Amino acid sequence: MALDPVSALLDIGGKVLDRVFPDPAQQAAARLELLKLQQSGELTQIAGQMDINKAEAASSSVFVSGWRPAIGWICGAGFAVQFVIGPLAEWGSALANHPVKFPQMDTGTMMPLLLGMLGLGGLRTAEKLADKAAK
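Residues numbered from 1 in each chain as written. Predicted model: local features only at pLDDT ≥ 70, side-chain atom pairs only at ≥ 80, totals over all residues. Heavy atoms only, no water.

Here's the deal with the side chain of Q82
Just so we agree on the cut-off: The secondary structure listing takes helices from DSSP runs of H or I that are at least 4 residues long and strands from runs of E that are at least 2 residues long, numbered from the N terminus. Think of it in three bands: residues with accessible area under 20% of the maximum for their type are buried, residues over 50% are exposed, and the middle band is partly exposed, with areas taken using a 1.4 Å probe on protein chains only. Polar contact is the term for a pair of N or O atoms within 3.5 Å; when the atoms are in protein, one must be able to donate a hydrogen and the other to accept it, and sequence-neighboring residues count only if both atoms are side-chain atoms. Every residue pair with non-hydrogen atoms within 4.5 Å of one another is taken to be in contact.
Relative to the elements of secondary structure, Q82 occurs in helix 5 (residues 67-95). Look at Q82 and you get buried, because its relative accessible area is 11%. In terms of polar contacts, Q82 uses its side chain to reach the backbone amide nitrogen of M105, at 2.9 Å. The contact partners of Q82, leaving out residues within four places of it in the chain, are P87, P103, Q104, M105 and T107.

Remarks on unusual backbone geometry
Glycine aside, negative phi is the norm for most residues, and most peptide bonds take the trans geometry. Phi angles above zero are rare outside glycine, and N97 is one such case at about 60 degrees. Take N97: it is sitting in the loop between helix 5 and helix 6 (107-129).

Looking at a nonpolar patch on the surface
Note the threshold: Patch construction takes residues with relative accessible area above 30% that form no salt bridge. Like charges are linked within 9 Å, and nonpolar side chains (Val, Leu, Ile, Met, Phe, Trp, Tyr) are linked within 5 Å. Surface accessibility follows the Shrake-Rupley procedure with a 1.4 Å probe radius. Residue values consider only the protein chains on display as shielding. Each salt bridge in this description consists of a side-chain nitrogen of Lys or Arg and a carboxyl oxygen of Asp or Glu lying within 4 Å of one another.
On the surface, F79, F83, V84, I85, L88, W91 and L95 cluster together to form a nonpolar patch covering roughly 730 Å² of accessible area. Turning to its location among the elements, V84 is positioned in helix 5.

Considering the confidence of the model for the protein chain
Where we set the bar: The predictor attaches a confidence to each residue, called pLDDT, with possible values from 0 through 100.
Averaged over all residues, the pLDDT of the protein chain equals 75, while 68% of them reach at least 70. Averaged over each element, pLDDT in the protein chain is lowest for helix 1 (residues 5-20) (62) and highest for helix 5 (86).

What follows is the structure in structure tokens.
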């Protein structure tokens, strides 16, 4: 395996392409796209971002390593307020003869982020259950 991150990504990308695209024509097209990414410098940028992510995750400061969990908690709280707490509060206030309309949140911006994070969390759990997770 190559020592620099860009070559390593190309090697890994090539192996993934071999498994994803069994058709040689599709493999060639995907490899061409991967080489275009390398030439445009995007592959170097991706590798650099991966290094930054590793450094952030290893940080002992909660302000550096804790931003991803914070976003998860904020999205989870927003989801709970919108779909659990709000409807229950409206129902309870109606039962008490003081109907209050709970404000509606813009879930169109929150849901893609929340569902994406849940998907990645689910993937990580599946890796751990299959004993494929990095130690």
